[in-house]
Amino acid sequence: MPGKSTDCGAASVRAIAGLLALAVVLVAASGCTPPAQKFVDKIRAEATEKCNEGNQAACHTIVQALGGGKVAIESTAPLETQTPACNAGKQDACQQLAVLHGELSSWCSMGNGQACSAVNTGPWPAKWDEPALIDAAKLACLSGRFKPDSNTCQALEMM
């Protein structure tokens, strides 16, 4: 039964990571930046605390204040599974990673240190054409191959 325990634990972490990955949360903060920033600071602090307690899903959480009082929450957990899949030739994985990389690069340019760290350390695929993969991901969202509420499609809407 030890394998089953590990599988359940991995499934639990994947479930939490999946929820975070899908939680590109938009919070209307009545048009003011300070409440949005307070929310960002609160989520970052909670994620750091949970990470320090050993919650790996929390360790992968990156929060970014967007314009208009919106806040986005992203997870870098897919890097661990999607990068090997992309390197193995799975185009869907490459497209999803290209969108994630583009999103995090944008957040890095806004001064988000966590996003910069993720962009600089990866692990990212060995070789890829990010602009072409982002375009392919846009088509995948439009055609329904990626669900409209997927992290990839939602990230594309904000890019």
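If you're wondering where the values come from, they're calculated on a predicted model, not measured in any experiment.

Undergrad: Looking at this structure, I do not really get the pairing of strand S1 (residues 61-65). What am I missing?
TA: As a general feature of sheets, a regular strand has side chains that alternate between the two faces. Of all five residues making up S1, five are buried, and the element is well covered by its neighbours. Where S1 and strand S2 (residues 71-75) come together, five bridges link them in antiparallel fashion. Residue pairing for S2: Val-63 is matched across the bridge by Ile-73.

Undergrad: Help me understand helix H6 (residues 113-121), please; the structure alone is not making it clear to me.
TA: Where H6 is concerned, the buried positions are Ala-115, Cys-116, Ala-118 and Val-119. Mapping the buried residues of H6 onto a view down its axis gives an arc of 165°, with all of them on the same face. Pointing more than 90 degrees away from the buried face of H6 are the exposed residues Asn-120 and Thr-121. Looking at the buried side of H6, the elements it contacts are S1 and helix H5 (91-109). Between the side-chain oxygen of the N-cap and the backbone nitrogen of Gln-114 there are 3.0 Å, and the N-cap of H6 in question is Asn-112. Of the residues trailing H6, Gly-122 is marked for its positive phi of about 70°.

Undergrad: Could you clarify how one ought to interpret the packing of aromatic side chains in this entry?
TA: Here a ring pair, both rings aromatic, is described through the centre-centre distance and the interplanar angle of the planes. This structure, assessed with the given rule, holds one aromatic pair. One cation-aromatic arrangement involves Arg-145 over Phe-146; the distance from NZ or CZ to the ring centre is 5.4 Å.

Undergrad: Even after reading the chapter, I still don't get the packing of helix H7 (residues 130-143) against helix H8 (residues 151-158), so can you show me in this structure?
TA: To describe two helices that pack against each other, one gives the angle between their axes and the distance between the axes. Two elements in contact, H7 and H8, have axes whose closest approach is 10 Å; the angle formed by their N-to-C orientations is 110°. It follows from the interaxial angle that H7 and H8 lie roughly perpendicular. Viewed along their axes, H7 and H8 form a crossing whose handedness is left-handed. Seen from H7, the contacting residues are Ile-134, Ala-137, Lys-138 and Cys-141; seen from H8, they are Thr-152, Cys-153 and Leu-156. In the contact of H7 with H8, the residues fall into five nonpolar, one polar and one charged.

Undergrad: Please explain the side chain of Thr-61 as it appears in this structure.
TA: Within the secondary structure layout, Thr-61 lies in strand S1. Residue Thr-61 is classed as buried on the basis of its relative accessible area of 5%. In terms of polar contacts, Thr-61 uses its side chain to reach the backbone carbonyl oxygen of Ala-57, at 3.2 Å.

Undergrad: Sorry, what's going on with the packing of H5 against H6 here?
TA: Contact geometry for H5 and H6: axes closest at 7 Å, N-to-C directions at 135°. When the axis of H5 is compared with that of H6, the two are oblique. The way H5 lies across H6 gives a crossing that is left-handed. Across from His-101, Leu-104, Ser-105, Trp-107 and Cys-108 in H5, the residues of H6 making contact are Ala-115, Cys-116, Ala-118 and Val-119. The residue inventory of the contact of H5 with H6, partitioned by class, reads seven nonpolar, two polar and no charged.

Undergrad: Whenever I open this one, unusual backbone geometry confuses me. Can you help?
TA: The phi angle of most residues is negative, glycine excepted, and most peptide bonds adopt the trans form. Cis geometry marks the peptide bond from Gly-122 to Pro-123, where omega comes out at 15°. When you line up the elements, Pro-123 lands in the loop between H6 and H7.

Undergrad: Would you mind showing me how to read the side chain of Gln-64 here?
TA: Looking at the secondary structure, you find Gln-64 in strand S1. When its relative accessible area of 7% is taken as the criterion, Gln-64 is described as buried. Polar contacts involving the side chain of Gln-64 include one to the side chain of Asn-112, which spans 2.8 Å.

Conventions used here
Residues numbered from 1 in each chain as written. Predicted model: local features only at pLDDT ≥ 70, side-chain atom pairs only at ≥ 80, totals over all residues. Heavy atoms only, no water. Buried < 20%, exposed > 50% of the residue type's maximum accessible area, 1.4 Å probe, protein only. Helix = DSSP H or I, 4+ residues; strand = E, 2+ residues; numbered from the N terminus. Pairing = 2+ DSSP bridges. Arc of directions from axis to C-beta. Contact = heavy atoms within 4.5 Å. Polar contact = N/O pair within 3.5 Å; in protein donor to acceptor, adjacent residues only side chain to side chain. Phe/Tyr/Trp six-rings, centres within 6.5 Å; stacked < 30°, edge-to-face > 60°. Lys NZ or Arg CZ within 6 Å of the ring centre and 35° of its normal. Axes fitted to C-alpha atoms, helices over the stretch in contact; angles between N-to-C directions. Parallel < 35°, antiparallel > 145°, perpendicular 65-115°, else oblique. Left-handed = near helix turned anticlockwise from the far one by under 90°. Nonpolar A, V, L, I, M, F, W, Y, C, P; charged D, E, K, R; others polar.

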